[in-house]
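# Residue-level structure breakdown
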Amino acid sequence: MLVSGGGVAGSTVAYWLSQHGYAPTVVERAPALRSGGQAVDFRGPALTVLERMGLLDRVKERDTGIGDCTVVDSAGEPYAVIPAVLYAGELEVLIDELIEILHDRAAEAGVTYRFGDSVTALAQNDQGVHVTFEHAPPERFDLVIGADGAHSAVRRLAFGPEEAFAHYLGCYYAYWEADNHLGLDHEGMATGDGETAALSVFTVKDNRQARVGLLFKADQLLPVDRNDRTAQTKILKSRAAHLGWQAPALLAELDSTADLYFDAMVQIRMDAWSTGRVVLLGDAGYCAAPTSGRGTSQALVGAYVLAEQLAAAGGDHSTAFAAYEHAMRPYVEHHQALGVQGSQYVFARPTQEMFDAMATQVHAPETDPGPEPLLPT
């Protein structure tokens, strides 16, 4: 069985497949584990998955311990505070640290990883899937799981071009590392123009570093290559230079940062997540967009459910894929609705009253968390 993608979804499903007697191989396009990126949080069943993997304590050790975020105007004057509960969930870690933890757990369980390679062609029949790689010789697998992100190569090869499934939400987002020259102590600061751009900075790694996030509106997709850092840097500086406060210094870090993540805010919406012996997992099949705050939870839960359904079906992949989709689709659709809502209000100038009301809803016992799939035991 082949898993394309060595991120959260890929390593998690590979681990659980190994627990059910399968021998998955994970192929990852990057030459090594991902570095950089934003902090991610977990809620509800995602915490259960980590616990069942024996990783909850290990992940808690990496908790960012982040506190509240102070919102300031262009002159640096504070006017609101975002409670940490609104963005850090029950547990928050850096995405690269989570990927490392999941990879190590899967490797400990005997999962094979191939870094620096990718899938370039798929041809399937009743006996399996013939996979062509960029570097390794072709090979046949019983099943192929595409866990290779919103820009999934497996999805493109098996289902068609990305444009058929990617729905642009009208904005872009970027993250990069910076020095903690503001002297922040397990906290964040943010500013915005209330209309087109929002900039934030949070401390990481016990205040030794900071990670900057920028969201900006764009009426349509921009003609920029996802691998062209020079063009991306130019765009980011032009879209946020007017924000004042510490924006010039934070944007200047783009010239020397080792890691920059830049992408359009999109959702992946599909009528079906499988075709024959190929199935999609996580962002590859149902990205909810970062504005949902649920992408990592979806990846963990979806990976667990898919592996469990494959085991329960005793090798009948058609039955397993149908059960996986039946269990996950209401959960995914709820999160995608949150992603659309978030992309619409994230630029609005906030008020303290708004944050206080949102925090009250988070703590209210009657708050509807949305449909959650029943995790098999």
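Criteria and thresholds
Residues numbered from 1 in each chain as written. Predicted model: local features only at pLDDT ≥ 70, side-chain atom pairs only at ≥ 80, totals over all residues. Heavy atoms only, no water. Helix = DSSP H or I, 4+ residues; strand = E, 2+ residues; numbered from the N terminus. Rg over C-alpha atoms; globule rule 2.2 N^0.38 Å. Buried < 20%, exposed > 50% of the residue type's maximum accessible area, 1.4 Å probe, protein only. Contact = heavy atoms within 4.5 Å. Areas by Shrake-Rupley, 256 points an atom, 1.4 Å probe, with all protein chains shown as cover. Lys, Arg positive; Asp, Glu negative; His and termini not counted. Charge placed at Lys NZ, Arg CZ, Asp CG, Glu CD. Pairing = 2+ DSSP bridges. Axes fitted to C-alpha atoms, helices over the stretch in contact; angles between N-to-C directions. 1 Å grid on protein atoms, 1.4 Å probe; cavity = no way out; pocket = protein on both sides within 12 Å on 5 of 7 lines; lining within 4 Å. Points joined across faces, edges and corners; volume = space filled by probe spheres on them. Polar contact = N/O pair within 3.5 Å; in protein donor to acceptor, adjacent residues only side chain to side chain. Parallel < 35°, antiparallel > 145°, perpendicular 65-115°, else oblique. Left-handed = near helix turned anticlockwise from the far one by under 90°. Nonpolar A, V, L, I, M, F, W, Y, C, P; charged D, E, K, R; others polar. Expected span 1.5 Å × (residues − 1). Arc of directions from axis to C-beta. Salt bridge = Lys/Arg side-chain N within 4 Å of Asp/Glu carboxyl O.

### Quick notes on the overall build of the protein
In terms of regular secondary structure, the protein is built from twelve helices and 18 strands. Against the globule reference of 21 Å for 377 residues, the protein gives a C-alpha radius of gyration of 21 Å, in line with a compact fold. Considering the protein as a whole, with its 377 residues, one finds that 52% of them fall into the buried category. The contacts in the protein between residues at least 6 apart in sequence include a share of 70% that link residues at least 24 apart. Looking at the protein as shown, the accessible area adds up to about 16,300 Å², and 49% of this sits on carbon and sulfur atoms. For the protein, the centre of its 26 positive side-chain charges and the centre of its 49 negative side-chain charges are spaced 4 Å apart.

### Topic: the sheet that holds strand β4 (residues 69-72)
Strand pairing in a sheet is mediated by backbone hydrogen bonds. Such pairs are either parallel or antiparallel. Spatially, the seven strands line up as an open sheet ordered β5-β4-β13-β14-β15-β12-β16, and their pairing is mixed. With one partner strand each, in any of the chains shown, β5 (78-82) and β16 (260-268) form the two edges of the open sheet. Direction aside, the axes of adjacent strands within the sheet are offset by 20° on average. As paired elements, strand β12 (residues 166-179) and strand β15 (residues 209-217) share nine bridges and run antiparallel to each other. Across the sheet, the residue bridging to D179 is Q209, located in β15. Packed on one face of the sheet, helix α7 (residues 229-240) meets β12, β14 (197-204), β15 and β16 and runs near 80° to β16.

### Let's talk about the layout of surface pockets
In this structure, the second largest pocket spans a volume of roughly 320 Å³. Along its surface, the second largest pocket is lined by 17 residues, and H151, E162, Y172, L221 and A264 are the ones closest to its centre. Among the secondary structure elements, those contributing two or more residues to the lining of the second largest pocket are β12 and β16.

### Section: the side chain of T257
Along the chain, the position of T257 falls in the loop between α8 (247-252) and β16. Here D259 takes part through its backbone oxygen, which lies 3.2 Å from a polar atom of the side chain of T257. Discounting chain neighbours no more than four positions away, the residues touching T257 are W176, E177 and R229.

### As for the packing of helix α2 (residues 45-52) against helix α10 (residues 295-312)
One way to put it is that α2 packs onto α10 with a least axis distance of 8 Å and a crossing angle of 55°. The pairing of α2 with α10 is recorded here as oblique in orientation. The crossing of α2 and α10 is left-handed. Touching P45, A46, V49, L50 and R52 of α2 are S297, L300, V301 and Y304, all from α10. A class-by-class count of the residues in the contact of α2 with α10 yields seven nonpolar, one polar and one charged.

### Here's the deal with the pairing of β15
Along β15, seven of the nine residues are buried, which leaves the element largely enclosed by surrounding structure. Here β14 runs beside β15; their pairing, made up of eight bridges, is antiparallel. Residue pairing in the sheet places A198 in a bridge with L215 of β15. Where β14 folds back on β15, the antiparallel hairpin that results is connected by four residues, among which K205 adopts a positive phi of roughly 50°.

### A word on α7
With twelve residues, α7 should reach 16 Å at 1.5 Å per residue; the first-to-last C-alpha distance of 16 Å fits that figure. Every buried residue belonging to α7 is among Q232, T233, I235, L236 and A240, and all of these are buried. Considered in projection along α7, the buried side chains sweep an arc of 165° and stay on one side of the axis. The exposed residues of α7 that point more than 90 degrees off its buried face are T230, K234 and S238. Structurally, α7 contributes buried residues whose contacts are with β12, β15, α8 and β16.

### Quick look at the pattern of salt bridges
Scanning the model with the defined rule gives eleven salt bridges in all. With a closest N to O distance of 3.2 Å, E97 and K205 form a salt bridge. One end of the pair, E97, is in helix α5 (residues 95-108); the other, K205, is in the loop between β14 and β15, with 108 residues separating them in the sequence. Each of the salt bridges in this network shares a partner with another, and the network as a whole consists of R62, E97, E100 and K205.

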